[in-house]
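# Observations on the three-dimensional arrangement
Listed below, chain by chain, are the residues.
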Amino acid sequence: MGAVDMHEIDWDAGAAGFDDEPDHGLRDPRVRAAWAARVRGWLPERPADVLDLGCGTGSLSLLAAERGHRVTGVDASPAMVERARAKLAGRDAAVLCGDAAAPPVGGQRFDVVLVRHVLWALPAPDRVLRHWRELLRPGGRFVLVEGVWGTVHPVGIPAGRLTALLAPLSADVRVERLSGDPLLWGRAVEDERYAVVATV
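Reference entry: report on the structure contained in this document. In this text, all values refer to a predicted model and were calculated from it rather than measured experimentally. (Residues numbered from 1 in each chain as written. Predicted model: local features only at pLDDT ≥ 70, side-chain atom pairs only at ≥ 80, totals over all residues. Heavy atoms only, no water.)

### Here we look at the nonpolar core
- Formed by 31 residues in total, the largest nonpolar core has its most connected members in Leu 129, Trp 132, Phe 142 and Leu 162.
- Among the elements that line this core, the one with the most residues is strand β5 (residues 136-149), at four residues.
- If near-sequence neighbours (up to four positions away) are discounted, Leu 162 is found in contact with Leu 119, Leu 129, Leu 144, Glu 146, Ile 157, Tyr 194 and Val 196.
- One finds Val 50, Cys 55, Val 112 and Leu 114 within the second-largest nonpolar core, a separate group that totals 28 residues. (Core = buried A, V, L, I, M, F, W, Y, C linked by side-chain atoms within 4.5 Å. Buried < 20%, exposed > 50% of the residue type's maximum accessible area, 1.4 Å probe, protein only. Helix = DSSP H or I, 4+ residues; strand = E, 2+ residues; numbered from the N terminus. Contact = heavy atoms within 4.5 Å.)

Dropping the structure here:
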């Protein structure tokens, strides 16, 4: 299950239809409510600084901002960034164009690094996680939504591998299985989908 080079995918071309997927656009109120409930449980209760890496069109960033969090989204695709900025207009949020593996945030530190369906596709996830760890304040947390997709040629990162990569970086790693909740995906799914919440 090797990494896919995210730079080889034309995300700008895919931006227009990106939100058509139920779990991307969150246009169905039931799917949106299911993600909102999960995000509420994953993020701190008090307003926090959230770094959403590979934010796409900003759907999870918006859910976090609606909970009162200060959000910085990062995506490599200018077209995705444009859509995310429009979605987050009027919120306490900024969306930057840049590499999720090395986000352009300077010396800024965050309470949460939120990443959905990105880490699996990055080369050297152990190195990327160490860098992301440096972006977290003491007591901060990773919220990593990942999975393994496909049966013939599966791609992704299994939960066991991700928790092993996080073990040296986090004192507390919790896995939440997401495959059994069809509302999150707009349909029933058979593959492995999960979230890891890891406190540093």
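### So, the packing of helix α3 (residues 29-42) against helix α4 (residues 59-66)
- Where α3 contacts α4, the axes come no closer than 10 Å and their chain directions differ by 60 degrees. Between α3 and α4, the interaxial angle falls into the category oblique. Judged by the twist between their axes, the crossing of α3 over α4 is right-handed. Each of Arg 32, Trp 35, Ala 36 and Val 39 in α3 lies in contact with α4, whose residues at this interface are Leu 60, Leu 62, Leu 63, Ala 64 and Glu 66.
- Tallied by class, residues from the contact of α3 with α4 come to seven nonpolar, no polar and two charged. (Axes fitted to C-alpha atoms, helices over the stretch in contact; angles between N-to-C directions. Parallel < 35°, antiparallel > 145°, perpendicular 65-115°, else oblique. Left-handed = near helix turned anticlockwise from the far one by under 90°. Nonpolar A, V, L, I, M, F, W, Y, C, P; charged D, E, K, R; others polar.)

### A closer look at the pairing of strand β2 (residues 70-75)
- Burial analysis of β2 places five of its six residues in the buried class, the great majority of the element.
- Where strand β1 (residues 49-53) lies against β2, five bridges are found, and the strand directions are parallel. By the bridge assignment for β2, Asp 52 is matched with Gly 73.
- As for the winding sense of the linkage, the β-α-β connection from β1 through α4 to β2 is right-handed.
- In this structure, β2 lies alongside strand β3 (residues 93-97), joined through five bridges in parallel fashion. When the sheet's bridge partners are listed, Val 71 is paired in β3 with Ala 93.
- The handedness of the β2 to β3 crossover, carried by helix α5 (residues 78-87), is right-handed. (Pairing = 2+ DSSP bridges. Right-handed = clockwise from strand over helix to strand, strands pointing away.)

### Digging into helix α6 (residues 125-134)
- Every buried residue of α6 is accounted for by Pro 125, Val 128, Leu 129 and Trp 132. The buried residues of α6 occupy an angular sector of 100 degrees when projected down its axis, which confines them to one face.
- At its buried positions, α6 is contacted by β1, β4 (110-116), β5 and α7 (159-166). (Arc of directions from axis to C-beta.)

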